[in-house]
Amino acid sequence: MRRPGVNEAPAPTLPLKPVPMTPFSVTPEGVKASRAMLANYAIKRYAIQRNMAIPENPFVFGEIIDQANFVNRTTELNQLVRDLADGQKVFLLSPRRFGKSSLVALALLQLKKRHIHTVSLTVSSYSSYTQFLEKFAERVLRAAGPWERVKDWVTRFGRQVKPDVNYNLTTGEVSVSLGKGSGFDPNPIAPEVFALPGELARNAGFRMAICLDEFQQISEFNGGSVENAIRNQVQKQREVGYVFAGSQPSLMEEMLTAKRPFHKAGPQMFLDKIPANDWKDFISRHFRRRDRALDERGLQALLAAADLIPYDVQRIAHELWDYAELKDKRQLDASDVNFVIDSLVTTQSTYYELVWEQLSARQRASLQALADRGAGEIYSQGVREEFRLGPASSVQKALQSLDARDILDRYKGNYFFLDPLFPHWIRNKGA
Ligand SMILES: Nc1ncnc2c1ncn2[C@@H]1O[C@H](COP(=O)(O)OP(=O)(O)OP(=O)(O)O)[C@@H](O)[C@H]1O
Ligand SMILES: [Mg+2]
């Protein structure tokens, strides 16, 4: 094997992301993972053959975005940091994959730099209310600081709720167990658990910021009583800021209505799409660093196909980057973007086919009309006749049911496809 000499640059390395996958899974994640893996191998082979180093693909999707690659959102970020530092209870709402978790992660990072203790929990990760309460207590105790500082509080907290709190001297980790068995009722102890951040912050003299992500899932535990327990405790905690982030705006909005505990509990922040110009700068900058250029029409085609949904902008840009590396293309235009989109749609087609098969005739017709004509015209008589949709009330019902199935969602009052490549597949099918 040839080895680099002392003054030579080291052998090219290619940072490959590990891709957890089941090769023939038909879930969108499975299809995406298989494709990502194949593209990674192809690029690696190409690089090795030419003895060249390839920089890591800068377009990241499905992961929290780091500060260097965070596009726009300055106003929202500053606002969120300010509100949390002030101990506000903020409700952050947007459809899926608009960038809530990334925004919150960055806000918490900035707060940490200001010595504010931070905690982040994703409600949907826990299978029961008890487990959620245990993890909540655990994370709060860990964030509160060294064991020496929290141990007196653990004993006090322990006396009232009688949990099993363990401290591992080697790892320094705290673990909490509240009660075992399916018959265990966590409701009586929930107020004590939710009071913990306030107690610790007040007594140890620090501030805290807590994120509860996928907060709409809280109602899966036991509806109103969890909401009540949290609301009653957090409103007493001046030293602790909370952000409740939710991906199903309709469920979150319902949670904030007049009859529910969180009504007027704090400011609401709706996350918009990121403007096209910011994306254009970001994408062009990365391609330019690699001596490549994507022309204006190509940029427009990419952003239109992604429907400006952050996840999908990154996903298509990621594919385009790999494609440009493979072909070593310097000038990229709309035809390259379309090629990449078509191949993405093809790799997802088994999944789309499965989804399509499960839909009723009216749901399919409504999706065809939406894919072809857009949200603006879907209720018009012309479109309803052309696509045999029936009366406007039936169209509305079909769209609502597609919303409930997470195929559609609403943005600024209009229905849109949560996966912006699905309408491409629908249009190709009808062509
Ligand atoms: N400000 C941003 N700059 C660049 N990319 C972003 C930004 N925000 C989001 N993204 C892209 O969108 C993807 C999804 O973002 P994120 O997971 O934060 O969204 P989310 O709203 O929390 O989604 P979900 O509802 O599925 O939890 C990220 O992995 C990234 O590719
Ligand atoms: Mg999220």
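Residues numbered from 1 in each chain as written. Chains lettered and ligands numbered in written order. Predicted model: local features only at pLDDT ≥ 70, side-chain atom pairs only at ≥ 80, totals over all residues. Heavy atoms only, no water.

### Observations regarding the packing of helix H10 (residues 276–289) against helix H11 (residues 296–305)
The test is simple: What counts as an axis is a line fitted to C-alpha atoms, over the stretch in contact for a helix, and the angles between N-to-C directions run from 0 to 180 degrees. Secondary structure follows DSSP: runs of H or I at least 4 residues long count as helices, runs of E at least 2 residues long count as strands, and numbering of each begins at the N terminus. Roughly parallel means an angle under 35 degrees; roughly antiparallel, over 145; roughly perpendicular, 65 to 115; everything else is oblique. By definition, any crossing whose near helix is turned counterclockwise from its far helix by less than a right angle is left-handed, and any crossing with a clockwise turn is right-handed. Throughout, a contact is declared for two residues whenever any of their heavy atoms are within 4.5 Å. Ten residues, namely Ala, Val, Leu, Ile, Met, Phe, Trp, Tyr, Cys and Pro, are considered nonpolar, four, namely Asp, Glu, Lys and Arg, are considered charged, and the remaining ones, Gly among them, are considered polar.
Relative orientation of the contacting elements H10 and H11 amounts to 120 degrees, with a least axis distance of 11 Å. One element, H10, and the other, H11, form an angle in the oblique class. Judged by the twist between their axes, the crossing of H10 over H11 is right-handed. Taking contact as the criterion, the partners of Ala276, Trp279, Lys280, Ile283 and Ser284 in H10 are, on H11, Glu296, Leu299, Gln300, Leu302 and Leu303. Among the residues forming the contact of H10 with H11, the class breakdown is six nonpolar, two polar and two charged.

### With respect to the site of ligand 1
Which entries qualify depends on this criterion: Here a residue is considered near a molecule or strand provided that any single heavy atom belonging to it is located within 4 Å of it. Think of a polar contact as two N or O atoms within 3.5 Å of one another; within protein, one of them needs to be a possible hydrogen donor and the other a possible acceptor, and neighboring residues in sequence only count if both atoms come from side chains. To measure how exposed things are, a 1.4 Å probe is used in the Shrake-Rupley method; for residues, cover is taken only from the protein chains shown.
Looking at ligand 1, there are 23 residues lining it, with Val60, Glu63, Lys100, Ser102 and Gln314 nearest. A distance of 3.2 Å is found between an oxygen atom of ligand 1 and a backbone nitrogen or oxygen belonging to Phe98. Taking Lys100, its side chain carries an N or O atom lying 2.7 Å from an oxygen atom of ligand 1. Look at ligand 1: alone it shows 630 Å² of surface, and the protein chains cover 93% of it. Sorting the residues of the shell around ligand 1 by element identifies helix H3 (100–113) and helix H12 (310–327) as the ones contributing at least two each. For the shell around ligand 1, the residue count by class is ten nonpolar, seven polar and six charged.

### A few points about the confidence of the model for the chain
The line we're drawing: pLDDT is a per-residue confidence score from the predictor, ranging from 0 to 100.
Residues with a pLDDT of 70 or more make up 85% of the chain, whose mean pLDDT is 86. Residue range residues 1–25 is modelled with pLDDT below 50. Its contacts to residues more than four positions away, or to other chains, number 32 contacts.

### Quick word on the packing of aromatic side chains
Let me state the cut-off plainly: A pair of Phe, Tyr and Trp rings is counted when the ring centres sit within 6.5 Å of each other, with Trp represented by its six-membered ring. The angle between the planes then sorts it: under 30 degrees is stacked, over 60 is edge-to-face, the rest tilted. Exposed residues in this analysis have more than 50% of their type's maximum accessible area, buried residues have under 20%, and partly exposed residues fall in between, with area computed by a 1.4 Å probe over protein chains only. We count a charge as sitting over a ring when the NZ of a lysine or the CZ of an arginine lies within 6 Å of the ring centre and within 35 degrees of the ring normal.
Within this structure, the stated rule accounts for 29 aromatic pairs. Between Tyr126 and Phe132, the ring centres sit 6.2 Å apart and the planes meet at 40 degrees, which makes this aromatic pair tilted. Side by side, Tyr126 and Phe132 carry an identical accessibility label, which is buried. Centre to centre, the rings of Tyr411 and Phe416 are 6.5 Å apart; their planes meet at 80 degrees, and the pair counts as edge-to-face. The same class applies to Tyr411 as to Phe416, namely buried. Within the aromatic cluster, the residues linked to one another by ring pairs are Tyr126, Tyr129, Phe132, Phe136, Phe194 and Phe221. Cation over ring: Arg97 sits above Tyr311, and NZ or CZ is 4.2 Å from the ring centre.

### Topic: the side chain of Asp336
With respect to the secondary-structure elements, Asp336 resides in helix H13 (residues 334–347). Given a relative accessible area of 2%, Asp336 falls into the buried group. At a separation of 2.8 Å, a polar atom in the side chain of Asp336 contacts the main-chain amide nitrogen of Asp333. Apart from residues lying up to four places away in sequence, Asp336 is in contact with Leu320, Tyr323, Lys329 and Gln331.

### Considerations on the sheet that holds strand S2 (residues 117–122)
Cut-off, in case you're wondering: By the convention used here, strands pair only if DSSP detects at least 2 bridges between them.
Within the open sheet, the five strands sit side by side as S2-S5-S6-S1-S7. Their pairing is parallel. Because the sheet does not close on itself, it has two edges, and the strands there are S2 and strand S7 (268–270). Averaged over all pairs of adjacent strands, the angle between strand axes in this sheet comes to 15 degrees, irrespective of strand direction. Bridge count for S2 against strand S5 (residues 208–213) is six bridges, and the pairing is parallel.

### What about unusual backbone geometry?
In the Ramachandran plot, Glu214 falls in the positive-phi region, its phi being about 55 degrees despite a non-glycine side chain. As for its position among the elements, Glu214 is in the loop between S5 and helix H7 (219–222). For Glu214, a relative accessible area of 14% corresponds to the buried category. Phi is positive for Asp328, which is not a glycine, with a value near 45 degrees. In this fold, Asp328 is placed in the loop between H12 and strand S9 (331–332).

### Considering H10
Let me state the cut-off plainly: An expected span of 1.5 Å times one less than the residue number is assigned to each helix.
Taking 1.5 Å of rise per residue, 14 residues should cover 20 Å, and H10 covers 20 Å from first to last C-alpha, within 8% of that figure. Of all the positions in H10, only Trp279, Lys280, Phe282, Ile283, His286 and Phe287 are classed as buried. As for H10, its buried residues are in contact with strand S8 (293–294), H11, H12 and S9. Following H10 by one or two positions, Asp291 adopts a phi angle in the positive range, close to 60 degrees.

### Description of the pattern of salt bridges
Note that side chains of opposite charge can pair when their charged atoms are close. Selection criterion: Basic side-chain nitrogens of Lys or Arg form a salt bridge, by our definition, when they fall within 4 Å of a carboxyl oxygen of Asp or Glu.
Per the stated rule, a full pass over the model turns up 19 salt bridges. For the salt bridge of Glu138 with Lys135, the shortest nitrogen-to-oxygen distance reads 3.4 Å. Highlighted residues: Glu138 and Lys135, both in helix H4 (residues 129–144), separated by three residues, approximately one helical turn. Where Arg315 meets Asp312, a salt bridge forms, and the shortest distance between an N and an O atom there is 3.0 Å.

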